[in-house]
Structures are given as structure tokens and as C-alpha cells.
Amino acid sequence: MRQRRRERFIRIGLFAVLAAGLFWFLFLRGGAPTEFNGHTVESLSKAGVGQHPADPSTIDYPTIPPVSGPHDQTPEACGVHDQQLEDAKQVHSLEHGAVGIQFDPTLDPTQIAAIEELVRGYSQNVFSAPYEGMPSPISVTAWGYMMRLDEFDSSAVTQFIDQFAGKGPEPEQSCPSTADSSFAPEGASPSPAPSAVPSTSPTGTSSPGQ
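Description of the structure in this document.

Basis of the calculations
Residues numbered from 1 in each chain as written. Predicted model: local features only at pLDDT ≥ 70, side-chain atom pairs only at ≥ 80, totals over all residues. Heavy atoms only, no water. Core = buried A, V, L, I, M, F, W, Y, C linked by side-chain atoms within 4.5 Å. Buried < 20%, exposed > 50% of the residue type's maximum accessible area, 1.4 Å probe, protein only. Helix = DSSP H or I, 4+ residues; strand = E, 2+ residues; numbered from the N terminus. Contact = heavy atoms within 4.5 Å. Arc of directions from axis to C-beta. Phe/Tyr/Trp six-rings, centres within 6.5 Å; stacked < 30°, edge-to-face > 60°. Lys NZ or Arg CZ within 6 Å of the ring centre and 35° of its normal.

1. Comments concerning the nonpolar core
And then number 1: Within the largest apolar cluster, 27 residues are counted, with the highest numbers of intra-cluster contacts made by Ile101, Ile138, Val140, Met147, Val157, Phe160 and Ile161.
And then number 2: Of all elements in the fold, only β4 (99–103), α3 (109–119), β6 (138–142), β7 (145–149) and α4 (154–164) reach the threshold of two or more residues within this core.
And then number 3: Sort the elements by how many residues they give to this core and α4 lands first, with five residues.
And then number 4: Sequence-distant contacts of Val140, defined by excluding residues within four places in its chain, comprise Val99, Gly100, Ile101, Tyr145, Met146, Met147, Leu149, Val157 and Phe160.
And then number 5: If you look at the next biggest cluster of nonpolar residues, it comprises 12 residues, including Tyr61, Leu85, Ala98 and Phe127.

Here it is in C-alpha cells:
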């Protein structure tokens, strides 16, 4: 009797281990990170794929800046922008796999320059722009994900880009970095754009040092 009970416990234990392994394989394997360098990555709604309403100006997005939802038929270009982007157009860019780095216009100019320098290191799928009224000084977004920062953390942002750039619901539609206009804080002159052309990585997204 004791031997049978022991064998039954062993079978139950093996079944539990197999069930846990199956659950991890099906549901947890390859899940998106929840933080980079201690900065929380929010997982938000991923609804709105392929939805192009007739009047995108009437869309009410639940987050500032938006990370998903119905959007304009025309996406924004990637690269460096000196003006705030239309919500409905930037959402379309995120759908194509872009990552946005947006900052409060009153952010320290040295941090803005560092953001734009990082963005210029990518040939596609990354953009920067000012954005008024955000809950945090800096927001980094991808389709369905957001990381808010109190100050620029180049390492965390680079990890976010590596994780999400080119992986939107329509990654076959890339976002070329054709915009290159530095933001000029009030009373300052925009920093000149470097003349070097960034190299392209095997995945089509080039980054500093690659």
C-alpha cells in the first residue's frame, strides 16, 4: 500500500512539472519585458489594427501619448521632428513597428539633444518629437507599450528600441527616417544635424555602434 501511494505521489509530481512547463511554453515564453533599468514598461491595449476612420481627428485616445487604436490612413515619417505630431498619424507609425521618444518641450535642452542624437543613429523605425501635456517628461512608445521616464536614460531607451522596433502588427510596412529637424527650445537655436549617414543593421534598423 505504501509503495502504491509513493508511486501515485511521484506521478502527481511529474504531472505538475509537465503542466507548469507547458503553461510557460504556451503563455509566458517570449513575453515582453516589464522593465528596463528599473523603468516600468506598461502593457496597454493593442486594439485598432487596420482601422482608419473617415475623421481621425475625432478619435479619443485613452493614453497621452497614444500607443494604439484607430488611426489616420497616413503614418508619420520616422526621424527627428521639431513639432508635435498628430496623434492619429503617429499611431499609424507605431502600427508599422516604429518606436516613439517624445519629450516635454520644457525638458533640459541637453537631454533633448541626447534624445535626438540617439534617434539619428537609426535609419528607420524610431522617431522623436516634442509633446505637450504628458504625465512624465519623457515617454517611449511602441504599439501597445509605453515606458515613462523622469529623465533620459539612453541605455533603457536603447533596450526598449531593441525589443519593440520593427515588431508592430504591420512590420512589413517600415517607417523610414526621413525627418530631420531638431527641436529648438524657446530662445535657443536648433542643434545642427550631423552629416554622417547612419549604417544599416541586418534587421533594417541601425543603431549606434552597430
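2. Focus: α4
And then number 1: Residues Ala156, Val157, Phe160, Ile161 and Phe164 constitute the buried set of α4. Seen along its axis, α4 keeps its buried residues to an arc of 140°; they face one direction.
And then number 2: Gly166, located one to two residues past α4, shows a positive phi value of around 80°.

3. Examining the environment of Ser45
And then number 1: Take Ser45: it is sitting in the loop between β2 (39–43) and β3 (78–80).
And then number 2: By relative accessible area, which is 42% here, Ser45 ends up partly exposed.
And then number 3: Residues Ser45 and Pro66, spaced 21 residues apart in sequence, show a C-alpha to C-alpha distance of 10.0 Å.
And then number 4: With near-sequence residues (within four places) excluded, Ser45 lies in contact with Val67, Ser68 and Gly144.

4. Some thoughts on the packing of aromatic side chains
And then number 1: Taken as a whole and judged by the stated rule, the model has four aromatic pairs.
And then number 2: Pairwise contacts between aromatic rings join Phe36, Tyr145, Phe160 and Phe164 into one cluster.
And then number 3: In this arrangement the basic side chain of Lys46 is found over the ring face of Tyr145, its NZ or CZ atom lying 4.2 Å from the centre.

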